[in-house]
Amino acid sequence: MRRPLVMGNWKLNGSKAMVADLIKGLDAQLAGVEGVDAAIAPPVMYLDLAEQLLGKAESKILLGSQNVDVNASGAFTGDISPEMLKDFGATHIIIGHSERRDYHAESDEYVAKKFAFLKEHGLVPVLCIGESEAQNEAGETVAVCARQLDAVINTQGVEALNGAVIAYEPIWAIGTGKAATAEDAQRIHAEIRAHIAAKSEEVAKNVVIQYGGSVKPENAEAYFAQPDIDGALVGGAALNAESFAAIAKAAAVAKA
Ligand SMILES: O=C(CO)COP(=O)(O)O
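Conventions we followed
- Residues numbered from 1 in each chain as written.
- Predicted model: local features only at pLDDT ≥ 70, side-chain atom pairs only at ≥ 80, totals over all residues.
- Heavy atoms only, no water.
- Core = buried A, V, L, I, M, F, W, Y, C linked by side-chain atoms within 4.5 Å.
- Buried < 20%, exposed > 50% of the residue type's maximum accessible area, 1.4 Å probe, protein only.
- Helix = DSSP H or I, 4+ residues; strand = E, 2+ residues; numbered from the N terminus.
- Contact = heavy atoms within 4.5 Å.
- Phe/Tyr/Trp six-rings, centres within 6.5 Å; stacked < 30°, edge-to-face > 60°.
- 1 Å grid on protein atoms, 1.4 Å probe; cavity = no way out; pocket = protein on both sides within 12 Å on 5 of 7 lines; lining within 4 Å.
- Points joined across faces, edges and corners; volume = space filled by probe spheres on them.
- Nonpolar A, V, L, I, M, F, W, Y, C, P; charged D, E, K, R; others polar.
- Near = heavy atom within 4 Å.
- Polar contact = N/O pair within 3.5 Å; in protein donor to acceptor, adjacent residues only side chain to side chain.
- Areas by Shrake-Rupley, 256 points an atom, 1.4 Å probe, with all protein chains shown as cover.
- Expected span 1.5 Å × (residues − 1).
- Salt bridge = Lys/Arg side-chain N within 4 Å of Asp/Glu carboxyl O.
- UniProt positions renumbered as here; feature names shortened; annotations may be inferred.
- Pairing = 2+ DSSP bridges.
- Right-handed = clockwise from strand over helix to strand, strands pointing away.

Colleague: Explain the nonpolar core to me, using residue names and the numbers behind them.
Modeller: Grouped burial of nonpolar side chains is what soluble globular proteins tend to show. Ile196 and Phe224 are the most contacted members of the largest nonpolar core, which totals 70 residues. Of the residues forming this core, the biggest block, eight residues, is contributed by helix H11 (residues 241-255). Apart from the residues within four sequence positions on either side, Ile196 is in contact with Leu149, Val158, Leu161, Ile166, Val203, Ala204 and Val207. Met7, Ala39, Ala41 and Leu233 belong to the second largest nonpolar core, which has 12 residues in total.

Colleague: Quick one: what's the story with the packing of aromatic side chains, residue by residue and with numbers?
Modeller: By the definition in use, this model includes two aromatic pairs. Taking 6.4 Å as the distance between ring centres and 55° as the angle between the ring planes, the aromatic pair formed by Tyr168 and Tyr211 counts as tilted. Placement of Tyr168 in strand S6 (residues 165-168) and of Tyr211 in strand S7 (residues 208-212) is noted, with a sequence separation of 43 residues between them. Given the relative accessible area of 2%, Tyr168 is considered buried. Tyr211 gets classed as buried once you look at its relative accessible area, which sits at 1%. An angle of 25° between the planes, with centres 4.4 Å apart, marks the rings of Tyr211 and Tyr223 as stacked. Highlighted residues: Tyr211 in strand S7 and Tyr223 in helix H10 (residues 217-224), separated in sequence by 12 residues. What makes Tyr223 buried here is its relative accessible area of 3%.

Colleague: How would you explain the layout of surface pockets if you had to name every residue and give the values?
Modeller: A volume near 490 Å³ is recorded for the largest pocket. Surrounding the largest pocket, 19 residues form its lining, Lys11, Leu12, Gln66, Asn67 and Arg100 being those nearest its centre. For the lining of the largest pocket, the element with the highest residue contribution is helix H4 (residues 98-103), accounting for three residues. Considering only residue class, the lining of the largest pocket consists of eight nonpolar, seven polar and four charged.

Colleague: How would you sum up the site of the ligand? Please name residues and give values.
Modeller: By nearness alone, 13 residues border the ligand, and Lys11, His97, Gly175, Ser214 and Gly236 come closest of all. In the model, an oxygen atom of the ligand is placed 2.6 Å from a nitrogen or oxygen of the Gly175 main chain. Within the backbone of Gly235, a nitrogen or oxygen atom sits 2.9 Å from an oxygen atom of the ligand. Starting from 300 Å² of accessible surface for the ligand in isolation, the protein chains cover 96%. Tallied by class, residues from the shell around the ligand come to four nonpolar, seven polar and two charged.

Colleague: Explain H11 to me, and be specific about the residues and the numbers.
Modeller: Taking 1.5 Å of rise per residue, the 15 residues of H11 would be expected to cover 21 Å, and the 21 Å separating its terminal C-alpha atoms lies within 8% of that figure. Residues Ala241, Ser243, Phe244, Ala245, Ile247, Ala248, Ala250, Ala251 and Ala252 constitute the buried set of H11. Close packing links the buried residues of H11 with strand S1 (5-9), helix H1 (16-30), strand S2 (37-41), H10 and strand S8 (231-234). Between a side-chain oxygen at the N-terminus of H11 and the backbone nitrogen of Glu242 the separation is 3.0 Å; the capping residue is Asn240.

Colleague: Any chance you could break down the pattern of salt bridges for me, citing the residues and the numbers?
Modeller: Considering all chains together, one arrives at 13 salt bridges under this definition. One salt bridge in this structure joins Glu133 and Lys178, with 2.6 Å as the shortest N-O distance. Of this pair, Glu133 sits in helix H6 (residues 133-137) while Lys178 sits in the loop between S6 and helix H8 (182-197), and the two are 45 residues apart along the sequence. Look at Glu133 and you get partly exposed, because its relative accessible area is 36%. One network of salt bridges, in which partners are shared, links Arg2, Arg193, Asp228 and Asp230.

Colleague: Explain the UniProt feature "binding site: substrate" (unreviewed entry) in the protein chain to me, using residue names and the numbers behind them.
Modeller: Sequence positions flagged by UniProt for "binding site: substrate" (unreviewed entry) are, in local numbering, Asn9, Trp10, Lys11, Gly175, Ser214, Gly235 and Gly236. The greatest C-alpha distance among the annotated residues, which extend across 228 residues, is 13.9 Å, indicating that they converge on a single site. Lining residues of the largest pocket, restricted to the annotated ones just named, are Asn9 and Lys11. Counting through the fold element by element, Gly235 comes out in the loop between S8 and H11.

Colleague: Tell me about the pairing of S2, residues and numbers included.
Modeller: Most of S2 is tucked away: four of the five residues are buried. Summarising the sheet, S1 and S2 pair through five bridges and their orientation is parallel. Its bridge partner lying in S2, Met7 is registered against Ala39. Note that the unit made of S1, H1 and S2 has a crossover that is right-handed. In terms of strand pairing, S2 meets strand S3 (residues 62-65) through two bridges, oriented parallel. What sits directly across from Ile40, in S3, is Leu63. Assessed by its sense of winding, the connection that carries the chain from S2 through helix H2 (residues 47-56) to S3 is right-handed.

Structure below.
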């Protein structure tokens, strides 16, 4: 069985005080919650603090990050390497988020390179894929997701997806409150899994596919009731301990 993963992408939000408050709240809310992995991806500036706080609390919460670059060391001003992320206890690394694809012109090939680099360093890529509103309206959703996945599959083999996480995030649903219906999301998740199954049924059966885009405590249960939705990548609602924990708990209950 696939273990559900609910991950908070804090994006460009936070301060030392906020990180401390949120982690304290999350630890209290998630104590005793079994059957789900909960992960947080604070801004990279706060990984050190987050690692210390989680360590002190002997927390079960997994630590992640929002991005990685593609060089190990050297003259690459501003870059962050996988080993640096590992040094601070981050294990689950988001790549290919639509905000990076859009605002930083990250191509499918570049994201695939990050994917390979993370695997090489023993980290878990959380690979974001998903279509824009225009692509959705043009009926291109599945083709876009397949193309984004194929950038990895065609260069690294389908087995590269073993142990990785896929996050299906329709761009029009991110931060808009206009979430995909659970049924629509399920249909796309099933298509994504089928696309992988065409290469390997085993890999498809085991890969965790999260839904992301305006996931809230109010709609979480409906997503997790779907057979191919294995968790969520949460933005706005991850900035509040109570709402993030409610989403994680909904996953634990639905997938028990
Ligand atoms: O982009 C997201 C997570 O990566 C989703 O953000 P929201 O939950 O704020 O819509």
